[in-house]
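Structural overview for review
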Amino acid sequence: MITTPGDHSWFSQRFPDLADAYCFTYVHGLTPEELMARLGARVENCSRITLDELIRRQTFGAASVGDWVLLVEANSGLGVTEEVIVPLSAGTRLVSHFYLEIEGMDYFHWIDDGKIRFEFLHQEGYSHWIKDGKVQLEFPPQEGYSEEMPDELAEVMERVDSPVYPIADPHAGPAFLLAERLTGITMTPQLLEESTYLWGGISRSR
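Residues numbered from 1 in each chain as written. Predicted model: local features only at pLDDT ≥ 70, side-chain atom pairs only at ≥ 80, totals over all residues. Heavy atoms only, no water.

1. Observations regarding the packing of aromatic side chains
- If you walk through the whole model with that rule in mind, you get 14 aromatic pairs.
- An angle of 55° between the planes, with centres 5.5 Å apart, marks the rings of Phe11 and Phe24 as tilted. With Phe11 in helix α1 (residues 9-14) and Phe24 in strand β1 (residues 21-28), the pair connects residues that are 13 residues apart, well separated along the chain. Across the pair, exposure class does not vary: Phe11 and Phe24 are buried alike.
- Among the aromatic side chains, those forming a connected cluster through ring pairs are Trp10, Phe11, Phe15, Tyr22, Phe24 and Phe176.
- When the ring centre of Trp199 is taken as origin, the NZ or CZ atom of Arg57, which lies over that ring, is 5.2 Å away. (Phe/Tyr/Trp six-rings, centres within 6.5 Å; stacked < 30°, edge-to-face > 60°. Helix = DSSP H or I, 4+ residues; strand = E, 2+ residues; numbered from the N terminus. Buried < 20%, exposed > 50% of the residue type's maximum accessible area, 1.4 Å probe, protein only. Lys NZ or Arg CZ within 6 Å of the ring centre and 35° of its normal.)

2. Structural notes on the environment of Ser146
- Assignment of secondary structure puts Ser146 in the loop between β10 (134-137) and α6 (154-160).
- Ser146 sits in the buried class, given a relative accessible area of 14%.
- Measuring from C-alpha to C-alpha, the distance between Ser146 and Gly114 comes to 9.0 Å, with 32 residues separating the pair along the chain.
- Aside from chain neighbours lying at most four places away, what touches Ser146 is Lys115, Ile116 and Arg117.
- At a separation of 3.1 Å, a polar atom in the side chain of Ser146 contacts the main-chain amide nitrogen of Glu148. (Contact = heavy atoms within 4.5 Å. Polar contact = N/O pair within 3.5 Å; in protein donor to acceptor, adjacent residues only side chain to side chain.)

This is the structure in structure tokens:
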């Protein structure tokens, strides 16, 4: 069952040093080693770290989650940099969400094989929204966007816009709901804490 926005209050309470500057990027069908190689790392030089080490070092690492690889970033933004994530999505699906509390910056991306399907951009809002029961494009059409409507998000978007759960900033719940719908992965404290992350020396970007 898909969770609700309020279900993710645990994130900022349990991981305050991560929640104020984080990025989660999910890529389907890759291993952590393949993800690091796509990012330009020398896999033979990578090592394994825990979530605590990742947060303490203010770095990032990749962990396997079923058929997906999850890239967790503390205080960096590879997963919000289109020059990185568009090619990283080649031949597969990529979903990412980013938040930087000090500047109030929220971003969300869904990209399929190099085509942007759906976004939330800081100061611009959602690329699509529900109107008259249908998903419609809110942004002006632009190069790099898919022409397909992201109808599989309609149910989640209606719930985000419901009177029961007033519209919240993506990091306060909607981003987790959207990512869960697109990946089938429910983000939990256990998933973050019990995973082991492959870490390698790659130039960070924000």
